[in-house]
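Reading the structure
Each chain, written out:
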Amino acid sequence: MKNSNIKIQKHPRRKESNGFNWVYIIGTVVVVGGVMAFGLVSTLQFHVERGQAIGMLGMVFPMAFFYYVAIGPVVRNLQKKIERLTVAMDEVASGNLDCQIDTNKAGEYEDVYKQFNAMTMELKRTKEEMEAFTNEFAH
């Protein structure tokens, strides 16, 4: 059997999902909370009129837009790296112990990918030893 480096692909059994929606939700809460806090501090500390402080809520949309633009690539990058690991785990679960994940451009996941690769090599070695042991006593 040959080693198979994992390329990102849609897995037929896996439905597409965005497990990082919480990042967007937390970001939205931070943006809205920050604008509201700024409005409150401006009203209390700098004696800004209430109408002007409420008008600051208009900053929510531009700030949220910039947040989504800035965080979007980070979230997509993490999704790709986790998907690569998930696809590889599915391969091993289906019996392909030759599965290895390419660690090039793995970034912060390099150690995880290396440990996964070491695990699959150890599983393969253990399986081969068990088969050899079984064959030795079967004959």
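Residues numbered from 1 in each chain as written. Predicted model: local features only at pLDDT ≥ 70, side-chain atom pairs only at ≥ 80, totals over all residues. Heavy atoms only, no water.

**Description of the packing of aromatic side chains**
Worth spelling out the cut-off: In this analysis, rings of Phe, Tyr and Trp, with Trp reduced to its six-membered ring, are considered paired at centre separations within 6.5 Å, and the interplanar angle assigns stacked below 30 degrees, edge-to-face beyond 60, and tilted for intermediate values. With a 1.4 Å probe rolled over the protein chains alone, any residue whose accessible area is under 20% of its type maximum counts as buried; one over 50% counts as exposed, and the rest are partly exposed.
Taken as a whole and judged by the stated rule, the model has 5 aromatic pairs. A centroid spacing of 5.6 Å and a plane angle of 65 degrees characterise the contact between F65 and F66, whose relative ring orientation is edge-to-face. Overall, F66 belongs to the exposed group, its relative accessible area being 56%. With 6.2 Å between their ring centres and 35 degrees between their planes, Y109 and Y113 make a pair best called tilted. An aromatic cluster of three or more residues is present, and its members are Y24, Y67 and Y68.

**Side note on the pattern of salt bridges**
Quick reminder of the rule: In what follows, salt bridge is the name for a side-chain nitrogen of Lys or Arg lying within 4 Å of a carboxyl oxygen of Asp or Glu. The secondary structure listing takes helices from DSSP runs of H or I that are at least 4 residues long and strands from runs of E that are at least 2 residues long, numbered from the N terminus.
In total, this model carries 5 salt bridges according to the counting rule given. In this structure, E108 engages K81 in a salt bridge whose closest nitrogen and oxygen atoms are separated by 3.8 Å. Of this pair, E108 sits in the loop between β2 (99–100) and α4 (110–138) while K81 sits in helix α3 (residues 60–93), placing them 27 residues apart in sequence. Overall, the relative accessible area of 7% leaves K81 in the buried class. When the shortest N-O distance is used, the salt bridge between E129 and R125 registers 2.3 Å. Note that E129 and R125 are positioned in helix α4 at a spacing of 4 residues, about one turn of the helix. Among the residues examined, E129 registers a relative accessible area of 44% and is labelled partly exposed. Residues joined by salt bridges that share partners form a network here, namely E122, R125 and E129.

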